[in-house]
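A structural walkthrough
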Amino acid sequence: MADLLLRNRFAFLTLLLPLLLSASLLLYNHYNHKVSTDLTETNAMTDLTPPVTSATATASTTEMIFGVKIERKPSKSKLAQLEVASWSTWEGSPSKFPWTFTAKETMYLLEGKVKVYCDGYDGSFVIGGGDLVEFPKGMKVTWDVTEAVKKHYKLEK
């Protein structure tokens, strides 16, 4: 079969080109971190987060974006183990502001939506109701609260 492909360059390129393009896009997105998980943006081609469907809505997924750990839809048992209900609460209305995390902060968003821009990185990511998020100490961000937020949070020195 390899001999046949070598004789017919068109067939060979037809099979090889899609593989090379897919691999190139994956590597580009992985190494450049130019990812936006906001599906409403016009450039959804860079979105690596699968859309939430009834099949994925209950599954917990964890990802690292720009050094921020995000667990989407953590289990109730995990939230109970962390004692999230006993953490402090914060609420914010739609606004945009810079923020520096002076301590490691773990938060569980009860409701709302925030587009986060991290200093030193191109692009942004979105966190929202049902996300368990960990920001490292010293991280500088800009929060763009697009839907009123209510969250539990815990600070660690």
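As a starting point, this report considers the structure included with it. Keep in mind the model is a prediction, meaning the values are calculated, not measured.

What about the packing of aromatic side chains?
In the structure shown here, the tally under the stated rule is six aromatic pairs. On the numbers, 4.7 Å between centres and 25 degrees between planes, the contact of phenylalanine 66 with tyrosine 121 is stacked. Taken together, the residues phenylalanine 66 in the loop between strand 1 (61-65) and strand 2 (68-72) and tyrosine 121 in the loop between strand 5 (104-118) and strand 6 (125-128) connect sequence positions 55 residues apart. On the accessibility criterion, tyrosine 121 (38% relative accessible area) is partly exposed. Measuring from ring centre to ring centre gives 6.4 Å for phenylalanine 135 and tryptophan 143, while their planes differ by 45 degrees; the resulting arrangement is tilted. Accessibility assignment for this pair places phenylalanine 135 and tryptophan 143 in one class, buried.

Here we look at the pattern of salt bridges
Pairs can form between side chains of opposite charge once their charged atoms are near each other. One pass over the full model with this rule turns up seven salt bridges. The partner of glutamate 134 in a salt bridge is lysine 104, with the nearest N and O atoms 3.7 Å apart. Taken together, the residues span a long stretch of sequence, with glutamate 134 in strand 7 (residues 131-135) and lysine 104 in strand 5 at a distance of 30 residues. Note on glutamate 134: relative accessible area 28%, which makes it partly exposed. Of the charged contacts, one joins glutamate 105 and lysine 151 as a salt bridge, the two residues approaching to 2.7 Å between their closest N and O atoms. Remark: lysine 151 occurs in strand 8 (residues 140-156) and glutamate 105 occurs in strand 5; sequence separation between them is 46 residues. Among the charged side chains, a network of salt bridges with common partners joins Lys104, Glu134, Lys154 and Glu156.

Overview of the side chain of aspartate 131
Here aspartate 131 lies in strand 7. A distance of 2.9 Å separates the side chain of aspartate 131 from the backbone nitrogen of glycine 128, its partner in a polar contact. Discounting chain neighbours no more than four positions away, the residues touching aspartate 131 are Ile70, Glu71, Arg72, Lys73, Met107, Tyr108, Leu109 and Val126.

Section: the side chain of glutamate 71
Mapped onto the elements, glutamate 71 comes out in strand 2. A relative accessible area of 8% means that glutamate 71 is categorised as buried. At 2.7 Å, the side chain of glutamate 71 and the side chain of lysine 78 are in polar contact. Here glutamate 71 is in contact with Ser60, Thr61, Thr62, Lys78, Gly130, Asp131 and Leu132, once residues within four sequence places are set aside.

Rules behind the numbers
- Residues numbered from 1 in each chain as written.
- Predicted model: local features only at pLDDT ≥ 70, side-chain atom pairs only at ≥ 80, totals over all residues.
- Heavy atoms only, no water.
- Phe/Tyr/Trp six-rings, centres within 6.5 Å; stacked < 30°, edge-to-face > 60°.
- Helix = DSSP H or I, 4+ residues; strand = E, 2+ residues; numbered from the N terminus.
- Buried < 20%, exposed > 50% of the residue type's maximum accessible area, 1.4 Å probe, protein only.
- Salt bridge = Lys/Arg side-chain N within 4 Å of Asp/Glu carboxyl O.
- Polar contact = N/O pair within 3.5 Å; in protein donor to acceptor, adjacent residues only side chain to side chain.
- Contact = heavy atoms within 4.5 Å.

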